[in-house]
Amino acid sequence: MKLETTLPADLLPIYKKVESGERLSREDGVLLYRHPSLTAVGALANVVRERKHGDRTYYVRNQHINYTNICNKFCKFCSFYAKKGGPAPYEMSLEEVRQALRRYKHVPITEVHSVGGINPRLPYSYYIDFIKTIKEERPGIHVKAFTAVEIVEIARVGKTTIEGALRDLMDAGLDSLPGGGIEILSDRVHQELFGRKLRGEEWLEVARIAAKLGLRQYATMLYGHIETHEERVDHLIQLRELQDETGHFLCMTPLSFHPEKTELEHIQPPTAYDDLRNIAVSRLMLDNFEHIKSFWIMNTVPVTQAALWYGADDADGTVLEYEITYKEGEFGQKTQALTPSNMIAMITEAGRVPIERDSHYNQIAREIDEMEPTRNLTTLPIAN
Ligand code: SF4
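Predicted model, so just to flag it, every value in this text is computed and none were measured.

**Student:** Give a detailed account of the sheet that holds strand 9 (residues 314-317), specifying residues and quantitative values.
**Tutor:** Spatial strand order, 9-1-10: 3 strands in an open sheet with parallel pairing. Whereas interior strands pair on both sides, the edge strands pair on one side only; in this sheet they are strand 9 and strand 10 (353-356). Strand-to-strand twist in this sheet, taken as the mean axis angle between neighbours without regard to direction, amounts to 25°. Two strands pair when backbone bridges link them, and strand 1 (residues 56-60) and strand 10 are joined in this way by 4 bridges, in the parallel orientation. Bridge pairing in strand 10 places Thr57 opposite Pro354.

**Student:** Outline the pattern of salt bridges, supporting the account with residue identities and numerical values.
**Tutor:** Applying the stated rule across the entire model yields 29 salt bridges. Here Asp55 and Arg352 are joined by a salt bridge, their closest N and O atoms 2.6 Å apart. Here the residue Asp55 occupies a position in the loop between helix 4 (38-53) and strand 1, and Arg352 occupies one in the loop between helix 15 (340-349) and strand 10, the gap between them amounting to 297 residues. Judged by relative accessible area, Arg352 falls into the buried class, the value being 2%. A salt bridge links Glu202 to Arg199, with the shortest nitrogen-to-oxygen separation between them at 3.9 Å.

**Student:** Please give an account of the environment of Tyr126 that cites residues and values.
**Tutor:** In this fold, Tyr126 is placed in helix 6 (residues 124-137). The class for Tyr126 is buried, based on a relative accessible area of 8%. In this structure, the C-alpha to C-alpha distance between Tyr126 and Leu177, residues 51 residues apart in sequence, is 18 Å. Those residues in contact with Tyr126 that sit more than four places away from it in its chain are Tyr67, Met92, Leu94 and Val97.

**Student:** If you had to explain the pairing of strand 4 (residues 142-145) to someone new, which residues and values would you point to?
**Tutor:** Residues His142 and Lys144 point to one face of strand 4 and Val143 and Ala145 to the other, with burial holding for every one of them. Two elements, strand 3 (residues 111-114) and strand 4, share 4 bridges in a ladder whose sense is parallel. The residue bridging Ser114 from the neighbouring strand is Ala145, located in strand 4.

**Student:** Lay out the site of the ligand in plain terms, naming residues and giving numbers.
**Tutor:** Around the ligand, a shell composed of Cys71, Lys73, Phe74, Cys75, Phe77, Cys78, Phe80, Tyr81, Gly117 and Lys197 is seen. Looking at side-chain class alone, the shell around the ligand contains 7 nonpolar, 1 polar and 2 charged residues.

**Student:** How would you summarise the packing of helix 7 (residues 148-157) against helix 8 (residues 162-172) if you had to cite specific residues and measurements?
**Tutor:** Between two packed helices, what matters for the description is the angle formed by their axes and the separation of those axes. At their nearest, the axes of helix 7 and helix 8 sit 8 Å apart, and the two run at 95° to each other. Classified by the angle their axes make, helix 7 and helix 8 are roughly perpendicular. Contacts between helix 7 and helix 8 pair Ile151, Val152, Ile154 and Ala155 from the former with Ile162, Ala165, Leu166 and Leu169 from the latter. Of the residues belonging to the contact of helix 7 with helix 8, the class tally is 8 nonpolar, no polar and no charged.

**Student:** I'd like a rundown of the nonpolar core, residues and numbers included.
**Tutor:** Core analysis: the largest hydrophobic core is formed by 111 residues, its most contacted members being Phe146 and Trp203. Top contributing element to this core by residue count: helix 6, with 7 residues. Among residues more than four places away in sequence, those in contact with Phe146 are Tyr67, Ser114, Val115, Tyr127, Phe130, Ile131, Ile151, Ile154, Leu169, Leu177 and Pro178. One finds Tyr218, Cys251, Ile355 and Tyr361 within the second-largest nonpolar core, a separate group that totals 6 residues.

**Student:** Explain the side chain of His142 residue by residue, including any values.
**Tutor:** Residue placement: His142 occurs in strand 4. Classification of His142 as buried rests on a relative accessible area of 8%. Of the polar contacts made by the side chain of His142, one reaches the side chain of Ser176; its length is 2.7 Å.

**Student:** Describe in detail the packing of aromatic side chains, supporting the description with residues and values.
**Tutor:** Summed over the entire model, instances satisfying the criterion amount to 13 aromatic pairs. Where Phe77 meets Phe194, the ring centres are 5.9 Å apart and the plane angle is 85°; that geometry is what we call edge-to-face. Placement of Phe77 in the loop between strand 2 (62-65) and helix 5 (94-103) and of Phe194 in the loop between helix 9 (187-193) and helix 10 (200-212) is noted, with a sequence separation of 117 residues between them. A relative accessible area of 1% places Phe194 in the buried class. Between Tyr126 and Phe130 the ring centres are 6.0 Å apart and the planes differ by 20°, which places this aromatic pair in the stacked class. Note that Tyr126 and Phe130 are positioned in helix 6 at a spacing of 4 residues, about one turn of the helix. Taken together, Tyr67, Tyr126, Tyr127, Phe130 and Phe146 form an aromatic cluster joined through their ring pairs. Lys144 extends its terminal NZ or CZ atom over the ring of Tyr218, reaching a point 3.7 Å from the ring centre. The cationic tip of Arg352 hangs over the ring face of Trp309; the distance from NZ or CZ to the ring centre is 3.5 Å.

So, how was this worked out
- Residues numbered from 1 in each chain as written.
- Predicted model: local features only at pLDDT ≥ 70, side-chain atom pairs only at ≥ 80, totals over all residues.
- Heavy atoms only, no water.
- Pairing = 2+ DSSP bridges.
- Helix = DSSP H or I, 4+ residues; strand = E, 2+ residues; numbered from the N terminus.
- Axes fitted to C-alpha atoms, helices over the stretch in contact; angles between N-to-C directions.
- Salt bridge = Lys/Arg side-chain N within 4 Å of Asp/Glu carboxyl O.
- Buried < 20%, exposed > 50% of the residue type's maximum accessible area, 1.4 Å probe, protein only.
- Contact = heavy atoms within 4.5 Å.
- Near = heavy atom within 4 Å.
- Nonpolar A, V, L, I, M, F, W, Y, C, P; charged D, E, K, R; others polar.
- Parallel < 35°, antiparallel > 145°, perpendicular 65-115°, else oblique.
- Core = buried A, V, L, I, M, F, W, Y, C linked by side-chain atoms within 4.5 Å.
- Polar contact = N/O pair within 3.5 Å; in protein donor to acceptor, adjacent residues only side chain to side chain.
- Phe/Tyr/Trp six-rings, centres within 6.5 Å; stacked < 30°, edge-to-face > 60°.
- Lys NZ or Arg CZ within 6 Å of the ring centre and 35° of its normal.

Right, dumping it as structure tokens:
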């Protein structure tokens, strides 16, 4: 049966645009967020997903290193930074960074993903040496590090410009920026939730400078706190316009807000319904982004499996030691990992075709006996 005949009448104009590749408007985006039929919105997103990628679903082998949780920005939505009654403060020495990398030396990861708090005690040389340490321990690995708010801080402590800091970090081995640092491009939300962090225009400026220098970047959107549907759509449109201008974004990840242990604990967290909706609307609005990711640590494995039919073509990776939304004791230790076999099973069980990728979405072919080197790690079950 043709999709057109099953869609609600009020979605037919959007269906026609999706079919012809016409760009969706702000009003279309708001309608997609408010439409009662999530199934219909997901089916529209799946048209775009399959046109771009068919059944192909990407994952990466990566290790996360969150080098400090000391932060002077006090964002209300954040459970990661050290505070009284919350997580104890830590700051990884370069030797500890080295040890963290050596802990997984046997795992053939292709990417190190690193972000941290805004810790004014860290000197400029720390950031440069941090990147160099990763490259020394893992020659040739892709280093994706530092949100825009960290880049602004690094430039500040180095008494240099954003461009100067980025050039120095690139000379040390920085390969791409993970995005993040702005949550949602809205002055209202910025003032209410993260007023000490950089403003939207500053975030856009860092992204423009990165693009000019040839650094690729990822994009995110934190949803499910106090933002409105209109603010989400405006965020997506600003990303889309910047991508028109620079073309340097590789992927967009909608990030589900986790209110536990934040100042917004009273807010109901996003449901699976919200998570799927944000994946689908992002896929439909961001016509110039090749990839939409469902981050399984935030969305859970089952929702990520469903998301592969709601617009997502990337399931992130075999993430090691993720701390940002980690809840101590929940999984017994601080390792959160899916082995490559778990990733493949998750994607295959969902009816899609798993493709291991590098950080630029090039396919990686492996010998069978390389597939299980993370088998000694604690793993999350496929259905949890
Ligand atoms: Fe600091 Fe980032 Fe947390 Fe804000 S979100 S408090 S900048 S670690």
